[in-house]
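Here are the chains, one letter per residue:
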Amino acid sequence: ISPINLEPQCENLEAPCDTATPFRTLTGHCNNLRSPNLGQSLTTFARLLPAVYDDGISKPRSIAISGNPLPNPRTISSLIHPDISNLHTRYSLMVMQYAQFLDHDLTMTPIHKGFHESIPSCRSCDSPRTVHPECNPFPVPPRDHYYPELNVTSGERLCFPFMRSLPGQQTLGPREQINQNTAFLDASQVYGENGCVGKGLRGFSGRLNSTIHPIRGKELLPQTPIHPECKSPSGYCFAAGDGRASEQPGLTVIHTIFMREHNRIVEGLRGVNPHWNGDQLYEHARRIVIAQNQHITYNEFLPRILSWNAVNLYGLKLLPQGYYKDYNPTCNPAIVTEFAAAAFRIGHSLLRPHIPRLSPQHQPIDPPILLRDGFFKMDIFTQQAGLIDEIARGLVATPMETLDQFITGEVTNHLFEDRRIPFSGIDLVALNIQRARDHGIPSYNNYRALCNLKRAQTWEDLGREIPPEVISRLKRIYNSVDDIDLFPGGMSERPLQGGLVGPTFACIIAIQFRQARKCDRFWYENDDPTTKFTEAQLAELRKTTLSRIICENLDIQGDMQRAALDLPSNFLNPRVPCSSMQQIDLSAWRENVVQGCHIGGKHVDVGDSAFPSPCTSCICTNEGPQCASLRITDCAQLAREWPRDVILRDDVCSAQCGLVLQNGGPQGRQLPINLRGQNSQRVSRSRVVQQQTSVPISFQGFQFPDLTQFIG
């Protein structure tokens, strides 16, 4: 089934691409002009390594190297990922929150659903037979520290519910899963991943829909009574570009802040361009918010997760000025399944059991929100004024948990728990392990080899990356080093110096974000004349910080540290008044409504072009003249149309035709023919490339660097 048939009313994916627009489609369609559906929403994940299914095609990985069953995911969770608190001394809980927000921009793996969007319950151990063939529950292991092995009421075996991901491959071969989101960093969690979602979120005159706060304060996200996972007593949850915006209060807060930021920018743009209509305001504000997201991710978030060494080695460092010139239309932006189902689930280790709340004076407000009481329960936001502010201040001022193998019991025992039903929660870590097996992801040792670490032959070979006490725990569960699942293996590594993750997860995360920049035609630093920001606009966008965006969109601005991902510190990261932080000046987006431009001493109307010099062509736009150098294929023709001295004074002309003209003028006509020959050869070569329909995941000869030298 193609995405076109799934939702025919949302998008016309058959229409030719509009090559002249600076705005992305919501689906990511036409980002790549050669292969328009690369990176599009509702296409399959890519893979770093071939799938390993038990039957080679579809059956989840469940057999160890020895032929025995792999260990129960819950057993691994309990032994390798116990609830031991180890607070980070430098980073705030906002790192966790931004990581989740960013993940929901890039990945959403749909599972099988029942009628009317219902989610079938796979909790009973025989649910593959009685509920849905794609249920794949796993039993509570004997002597579990929290869950009973049997249901005390019915006496039946107790299982953890698990529904397999939806398959989406369109060719014969192993099962491939679907990414419901676009692969691009395009703020789809704010705007939606298709036209239907996008239209439902749009308000009037360029703004995003919102709810007026029933008590006082700035707007909240729009509410919906038909959210399939909502647990609010009122029946209402919030709607945003991603369906998980109501999952927990911290996530709802960051979604609310970015919805407010869009509307704030719309009003700012309306001030500088009062003649713009709602569509222009919406698209330009969306384009700015996407650029801000990209800038924060690469400037503030990735260096802390990966370390500056990894950021530099993988080509993720942003430019301080000028344009990025490495866009590559032959690269595949698709999210790899290893990133979605394992490596970028690192944020689960950063969670605290409570969502903290702070007053404008940065004093704790009791009670904090216990995670298990906040899952999909959104009424607190409409019943109290100022809660968005309190949680936002709490997230930036509270230390996160250290990224290690230890994970809070709030998500390993109480995830999505119904307080009225004992033991109704699920284990997020066991879910991660089961999900990777569901996707046929090979074991951890294979990714060590891929990422230039030494493939372990013995348990001792893990010693450089994994501490000895963790190796001894892994040995108690797994029979062989080749059985270790990717998530527990990657989470057990010592972090890189200056980063949070170990070398294997750093490699998978860094290669994914390398593609996200290199394969995105609309990347905010790109120099493509159609899609680029002006240099003045780019200079403004580079002022973006997460702190400033949070500050701008609180009810009471007050003060905040400049680096929201670092804890406030009197010396290194002091709190400063929000008003003192650099602000984006939207006058860089003012459209020149004076009709026409001066080009080469002549007045030119908007839409017309002129030649200020023989080898430069300019078109007059509302933003002013946009000029490009011309490729000359016939120097003799040029010499007939322009005086010789004018041609030689033009650097672009003299570089191409200077030699011919100095050697006796246009008589040297053999050279232009040769130039034309070169040009036609280049055209035919590019046409061959365009005939390719799908681009395999490859990294254009990029060698994965060895990051183990940077282990702390």
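Cut-offs used in this document
Residues numbered from 1 in each chain as written. Predicted model: local features only at pLDDT ≥ 70, side-chain atom pairs only at ≥ 80, totals over all residues. Heavy atoms only, no water. Helix = DSSP H or I, 4+ residues; strand = E, 2+ residues; numbered from the N terminus. Rg over C-alpha atoms; globule rule 2.2 N^0.38 Å. Buried < 20%, exposed > 50% of the residue type's maximum accessible area, 1.4 Å probe, protein only. Contact = heavy atoms within 4.5 Å. Areas by Shrake-Rupley, 256 points an atom, 1.4 Å probe, with all protein chains shown as cover. Domains from an automatic or database assignment. UniProt positions renumbered as here; feature names shortened; annotations may be inferred. Pairing = 2+ DSSP bridges. Axes fitted to C-alpha atoms, helices over the stretch in contact; angles between N-to-C directions. Phe/Tyr/Trp six-rings, centres within 6.5 Å; stacked < 30°, edge-to-face > 60°. Lys NZ or Arg CZ within 6 Å of the ring centre and 35° of its normal. Expected span 1.5 Å × (residues − 1). Bend = angle between axes of the 7 residues up to and from the residue. Polar contact = N/O pair within 3.5 Å; in protein donor to acceptor, adjacent residues only side chain to side chain. Disulfide = S-S within 2.5 Å. Parallel < 35°, antiparallel > 145°, perpendicular 65-115°, else oblique. Left-handed = near helix turned anticlockwise from the far one by under 90°. Core = buried A, V, L, I, M, F, W, Y, C linked by side-chain atoms within 4.5 Å. pLDDT = per-residue confidence, 0-100. Salt bridge = Lys/Arg side-chain N within 4 Å of Asp/Glu carboxyl O.

### Re the overall build of the chain
- Secondary structure summary: the chain contains 25 helices and 17 strands in total.
- For the chain, the C-alpha radius of gyration of 28 Å lies close to 27 Å, the compact-globule estimate for 712 residues.
- In terms of overall dimensions, the chain has a C-alpha envelope of 95 × 60 × 55 Å along the principal axes.
- Relative to its 712 residues, the chain shows a buried fraction of 55%.
- Across the chain, every contact between residues at least 6 apart in sequence was considered, and the portion connecting residues at least 24 apart equals 71%.
- Split by element, the accessible area of the chain, about 30,000 Å² in all, is 53% carbon and sulfur.

### Some remarks on the domain arrangement of the chain
- Split into domains, the chain comes out as domain 1 (43–178 + 403–510), domain 2 (193–328 + 356–398 + 527–588) and domain 3 (597–655).
- Just the C-alpha atoms count here: the centres of domain 2 and domain 3 sit 43 Å apart.

### Here we look at the UniProt feature "binding site: heme b" (unreviewed entry) in the chain
- Feature annotation in UniProt places "binding site: heme b" (unreviewed entry) on His348, given in this structure's numbering.
- Tracing the backbone shows His348 in the loop between helix H10 (337–341) and strand S8 (354–355).
- Setting aside residues no more than four positions away along its own chain, His348 makes contact with Ile407, Leu428 and Asn432.

### Structural notes on the sheet that holds strand S16 (residues 616–621)
- Here three strands make up an open sheet; going across it, the order is S15-S16-S17 and the pairing antiparallel. Either end of the sheet is taken by a strand with one partner, and the two such strands are strand S15 (609–613) and strand S17 (624–629). Averaged over all pairs of adjacent strands, the angle between their axes in this sheet comes to 35 degrees, without regard to strand direction.
- With six bridges joining them, S16 and S17 adopt antiparallel strand pairing. Bridge pairing in S17 places Ile619 opposite Gln626.

### Observations regarding the packing of aromatic side chains
- Inspection of the entire model under this criterion finds 22 aromatic pairs.
- When the centroid spacing of 5.3 Å and the interplanar angle of 70 degrees are considered together, the rings of Tyr146 and Phe423 count as edge-to-face. Of this pair, Tyr146 sits in the loop between strand S3 (138–139) and strand S4 (159–160) while Phe423 sits in the loop between helix H14 (409–412) and helix H15 (428–438); the two residues are 277 residues apart in sequence, bridging distant segments of the chain.
- Tyr146 sits in the partly exposed class, given a relative accessible area of 27%.
- One aromatic cluster is present, formed by Tyr98, Phe101, Phe258, Tyr298, Phe301, Phe339, Phe344, Phe513, Trp523 and Tyr524 through successive ring pairs.
- Lying over the aromatic face of Tyr282, Arg202 brings its terminal NZ or CZ to 4.0 Å of the ring centre.

### Remarks on helix H8 (residues 278–306)
- The first and last C-alpha atoms of H8 sit 40 Å apart over 29 residues, in line with the 42 Å expected at 1.5 Å per residue.
- Along H8, the helix axis deviates most sharply at Thr297, where the bend reaches about 35 degrees.
- Of all 29 residues in H8, 24 are buried; the element is thus mostly enclosed.
- At the N-terminal boundary of H8, the capping side chain belongs to Asn277, with an oxygen 3.1 Å from the backbone nitrogen of Asp279.
- With its phi angle positive at about 90 degrees, Ser307 sits one or two positions after the end of H8.

### Section: the state of the cysteines
- Taken as a whole, this structure holds 11 disulfides when the rule is applied.
- Across the disulfide, Cys230 is cross-linked to Cys237 (sulfur-sulfur distance 2.2 Å). Here the S-S torsion is close to 85 degrees, and the disulfide linking Cys230 with Cys237 is therefore right-handed. Cys237 shares its class with Cys230; the two are buried.

### Some words on the packing of helix H3 (residues 94–106) against helix H7 (residues 249–272)
- Packing of H3 against H7 brings their axes to within 10 Å, and their N-to-C directions diverge by 70 degrees. By the angle between their axes, H3 is roughly perpendicular relative to H7. At the point where H3 passes H7, the crossing takes the right-handed sense. Across the interface between the two elements, Met94, Gln97, Tyr98, Gln100, Phe101 and His104 of H3 pack against Gly250, Leu251, Ile254, His255 and Phe258 of H7.

### Looking at the nonpolar core
- Within the largest apolar cluster, 160 residues are counted, with the highest numbers of intra-cluster contacts made by Leu269, Phe301, Leu306, Ile509, Phe513 and Ile550.
- Considering every element that reaches this core, the biggest residue donor is H8, with 13 residues.
- Lining this core are residues from two domains, each supplying at least three of them: domain 1 (43–178 + 403–510) and domain 2 (193–328 + 356–398 + 527–588).
- Among all residues touching Phe301, those that are not within four sequence positions of it are Val95, Tyr98, Ala99, Leu102, Ile296, Phe344 and Leu565.
- One finds Cys615, Leu638, Cys653 and Cys657 within the second-largest nonpolar core, a separate group that totals nine residues.

### Details of the confidence of the model for the chain
- Per-residue confidence for the chain averages 91 on the pLDDT scale, and 93% of its residues sit at or above 70.
- Low pLDDT, under 50, characterises residues 1–7; the predicted model gives this stretch 11 contacts beyond four residues in sequence or across chains.
- Every residue in residues 666–696 is under pLDDT 50, and counting partners more than four places away or in other chains gives 31 contacts.

### Focus: the environment of His262
- Take His262: it is sitting in helix H7.
- His262 sits in the buried class, given a relative accessible area of 0%.
- Setting aside residues no more than four positions away along its own chain, His262 makes contact with Tyr191, Gly206, Arg207, Leu208, Tyr282, Ala285, Arg286 and Val289.
- There is a polar contact of 2.8 Å between the side chain of His262 and the backbone oxygen of Gly206.

### Some thoughts on helix H24 (residues 651–662)
- Under the 1.5 Å per step criterion, the end-to-end length of H24 is only 14 Å for 12 residues, more than 12% shorter than the ideal 16 Å.
- Along H24, the residues that are buried comprise Cys653, Cys657, Gly658, Val660 and Leu661.

### Quick look at the pairing of S15
- The pairing of S15 with S16 spans three bridges and is classified as antiparallel. Paired with Ala610 across the two strands is Cys618, which belongs to S16.
- As consecutive antiparallel partners, S15 and S16 are separated by two residues.

### What about the pattern of salt bridges?
- Here the structure, examined in full by the defined rule, presents 38 salt bridges.
- With its nearest N and O atoms 2.1 Å apart, the salt bridge here joins Asp373 to Arg419. Of this pair, Asp373 sits in helix H11 (residues 371–374) while Arg419 sits in the loop between H14 and H15, and the two are 46 residues apart along the sequence.
- A relative accessible area of 47% places Arg419 in the partly exposed class.
- Within this structure, Arg207, Glu219, Glu267 and Arg270 form a network of salt bridges that share partners.

### Focus: unusual backbone geometry
- Each neighbour pair has its own omega, and for Asp366 with Pro367 the value is -5 degrees, a cis peptide bond.
- Note that Pro367 resides in the loop between S8 and strand S9 (369–370).
- We note that Ala187 has phi near 55 degrees; this positive angle belongs to a residue other than glycine.
- Relative to the helices and strands, Ala187 resides in the loop between strand S5 (178–179) and helix H5 (188–191).
- Take Ala187: its relative accessible area is 0%, and that puts it in the buried class.
- The phi dihedral of Ser205 is positive, around 45 degrees, even though this residue is not glycine.
- Structurally, Ser205 is set in the loop between helix H6 (195–201) and strand S6 (223–224).
- According to the relative accessible area criterion, Ser205 is partly exposed, its value standing at 38%.

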